[in-house]
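What follows is the residue order along each chain.
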Amino acid sequence: MLAQYGYVGILLICAIGFTVIIPLIPKILMVMGLIPTKKNPTKEGQYECGMQTIGKTWVQYNFRYYFFAVLFVLFDMLTIFLYPWAVNVTGLGVGGLIAVGIFLAILIIGYLYAWRKGALQWK
Amino acid sequence: MIMEHIQFIAPEISLLCFALLIVLLDLFITQKRVLPVLSVIGAIVAATFIIVIWNTPPVGLFDKMISIDPFGLFFKLLILAATVLVILASHNYVLKFNKFQGEYYALLMLSAVGLMLLVSAINLITIYVALELSSISLYALVSFLKDKKSSEAGLKYLILGGVASAILLYGMAFIFGLTGNTCLTCIAEYVRGMPFKDLQEVPALMIGLVLIIAGFGFKIASVPFQMWVPDVYEGAPTTITAYLSVASKAAGFGVIARVLMTVFGLPVWLHNDWAMIIAVLAAITMTVGNLVAIVQTNIKRLFGYSSIAQAGYMMVGLAAMGLTMGTKENVTGGLIFFLLSYTLTNLGAFIAIIAISNKINSDEIEDYNGMIKRSPLLALGLTICLISLAGLPPTAGLIAKIYIFSGAVNMGLAWLVVIAVINSVISAYYYFKIAKAMWLGTPVTEEKVDASWPEWLALAACVVGVLALGVVPGLFMNLTTAAVRIFGI
């Protein structure tokens, strides 16, 4: 029994070792003199290509994006379930039709709610 | 195969339909007073369905996902009763968030659906899904006031609830990994067939068991998972505090009792182990709850700590239930009776508090001074509930405590009962601190405090229930004994 947990232990040791050693490799190579240490502005920049960012990263997003994201999830779910059903409509028969009908009804109630509460208006 | 069993989940389906109907109606009507009426009707329809299927023999539905048995049905009725009482008590309170009445009632009912599924779930997956259904609705409800405290409470509840869910899932994963099954009876079969003599020989089972107790411990607010209680109880709308303290807790105990008893009930060494964990946690839980409650000045916080202490007494019953497995003794209904009594008592107290604090706009105990002169009936109702919470005659609290403690003594938990009795004495101090303020304090103003008729109705129902359970407990004991009989062997 315990031997099986031993594998988990070995995996844990490997994982910790890996995460500690990998960041240390550049330091080790630098000490060994394998990495050139000449500095220049391009090398010191954040990226080798692309623009410098303007302003702070903590910008306030308009919270309406959030509504659209949630509604998107709603329709995403719809697709996920409708697709497999559509592939095998005849095979699933009336039972499948009723099940999809109930599923659609519940989602449409959610959609109606968002619509009536004005989540679709950008103002 | 599915259609022939559909009548057994009719209570949940009908309640769900009513919740959706409320969401829809709320969009198109302006007369919001229809919504509470509709939600009460929904709960009554669901209760009718439960009574219709009451006498069917225990049966597992949908490939052992949901079970219909007296235990689950009893809890479902209890949850529905609590929901109806909370809806009645919300009559004036909902005016604080007038625009969102539809969402309030619909979320309350969705959470009730989740709790009802939770107490009848016999599969780890259904347990988790039902738990999330009720919890997510409650996260939203807790932050419903949208002020600083309420939002903070909601966020705290969400984050800590998420952590608890993760811990529970981790525990379930261990159990699934060990047994290869998610259905409770299949896991029980595997566990009973194990050739071990000690929990330490099966570390996976031990970790799974401890993590599952921790996950449910959050729901029932046992120490050391009680940190969220005072803040959430204080910040949440008072009606939701009432709902959290009874329905959510009752369902939590229902599911933890079912999981521990059916899965880990036998062999004997296994239930001895977890019963001892529960017993020690019970002792700490009630002591911490009672000691911290003494110094509280906010009545909602005080009831938060009081509910932690009460959870401690209930865990005494749970430990005793565990120890009876595999012995000649019948499993006692002490825990169930206590939950019934606690639900009525705590709801009664909260309904009085809702009515009073709605008028005086304060939750501080000192503002309750002289309440007997300002509203004799509300003060009297609250006092009866406080007497019951302290466990004095002629109320339900006394019988419930005797029932639960005698069961524990029979099972050799005398040390725990001694601690529990000492705790009851401590608790009397702070319960009577409120009563003393109401009866002997000098009122700040002479302004009368009144309640609306649904609040009176709900309070009367609770007080009558508390007294009935205290005077003629025999009627209800049969019910509770029948409910736990499914765990017998």
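Residues numbered from 1 in each chain as written. Chains lettered and ligands numbered in written order. Predicted model: local features only at pLDDT ≥ 70, side-chain atom pairs only at ≥ 80, totals over all residues.

A. Layout of the overall build of chain B. If you tally the helices and strands in chain B, you get 19 helices and 2 strands. Radius of gyration (C-alpha) of chain B: 21 Å, near the 23 Å computed for a compact globule of 489 residues. For chain B, the spread of C-alpha atoms along the principal axes amounts to about 70 × 55 × 40 Å. For chain B, the proportion of its 489 residues judged to be buried stands at 58%. (Helix = DSSP H or I, 4+ residues; strand = E, 2+ residues; numbered from the N terminus. Rg over C-alpha atoms; globule rule 2.2 N^0.38 Å. Buried ≥ 20, exposed ≤ 12 C-beta atoms within 10 Å, placed from the backbone.)

B. Local environment of the interface of chain A and chain B. Counting residues at the interface gives 5 residues for chain A and 5 residues for chain B. Residue contributions to the side of chain A that touches chain B peak at 4 residues, all from helix α4 (residues 89–116) of chain A. Within the side of chain A that touches chain B, the residues separate by chemical class into 4 nonpolar, no polar and 1 charged. (Contact = placed C-beta atoms within 7 Å. Nonpolar A, V, L, I, M, F, W, Y, C, P; charged D, E, K, R; others polar.)

C. View of the packing of helix α10 (residues 238–264) of chain B against helix α13 (residues 334–360) of chain B. Residues and elements named next belong to chain B. Packing of α10 against α13 leaves a shortest axis separation of 8 Å and a crossing angle of 170°. Relative to α13, α10 is oriented roughly antiparallel. For the pair formed by α10 and α13, the contact residues are T238, T239, T241, A242, S245, V246, A250, F253 and A257 on the first element and L335, L339, T343, N346, L347, F350, I353, I354 and S357 on the second. Of the residues that constitute the contact of α10 with α13, the class distribution is 11 nonpolar, 7 polar and no charged. (Axes fitted to C-alpha atoms, helices over the stretch in contact; angles between N-to-C directions. Parallel < 35°, antiparallel > 145°, perpendicular 65-115°, else oblique.)

D. Seen up close, the packing of helix α3 (residues 70–93) of chain B against helix α4 (residues 101–120) of chain B. Residues and elements named next belong to chain B. Where α3 contacts α4, the axes come no closer than 8 Å and their chain directions differ by 165°. Classified by the angle between their axes, α3 and α4 sit roughly antiparallel to one another. Read as a crossing pair, α3 and α4 show a hand that is right-handed. Contact with α3, carried on its side by G72, F75, K76, I79, L80, T83, V86 and I87, involves Y105, L108, M109, A112, L115, M116, V119 and S120 of α4 and no other residues of that element. (Left-handed = near helix turned anticlockwise from the far one by under 90°.)

E. Highlighting the domain arrangement of chain A. Domain annotation of chain A identifies domain 1 (2–37) and domain 2 (64–116). Measuring from the centre of the C-alpha atoms in domain 1 of chain A to the corresponding centre in domain 2 of chain A gives 47 Å. (Domains from an automatic or database assignment.)

F. Structural context of the environment of L244 of chain B. Relative to the helices and strands, L244 of chain B is located in helix α10. Sequence spacing of L244 of chain B and G304 of chain B is 60 residues, and the spatial spacing of their C-alpha atoms is 9.9 Å.

G. Focus on the nonpolar core. Core analysis: the biggest nonpolar cluster contains 190 residues, and I79, L85, V316, A319 and I351 of chain B have the highest contact counts within it. Dropping the residues within four chain positions of it, L85 of chain B is found in contact with L347, I351, A458, A461 and C462 of chain B. (Core = buried A, V, L, I, M, F, W, Y, C linked by C-beta atoms within 7 Å.)

H. Summary view of unusual backbone geometry. Residues and elements named next belong to chain B. Note the cis peptide between V223 and P224, where omega equals 5°. Inspection of the secondary structure puts P224 in the loop between α8 (203–220) and α9 (228–235). Cis geometry marks the peptide bond from P393 to P394, where omega comes out at 5°. Structurally, P394 can be placed in the loop between α15 (376–390) and α16 (396–410). Although it is not a glycine, K146 adopts a positive phi angle of roughly 65°. Tracing the chain through its elements places K146 in the loop between α5 (124–142) and α6 (148–179). The backbone of N361 sits at a positive phi, close to 55°, despite the residue not being glycine. Position of N361 relative to the elements: it lies in the loop between α13 and α14 (371–374).

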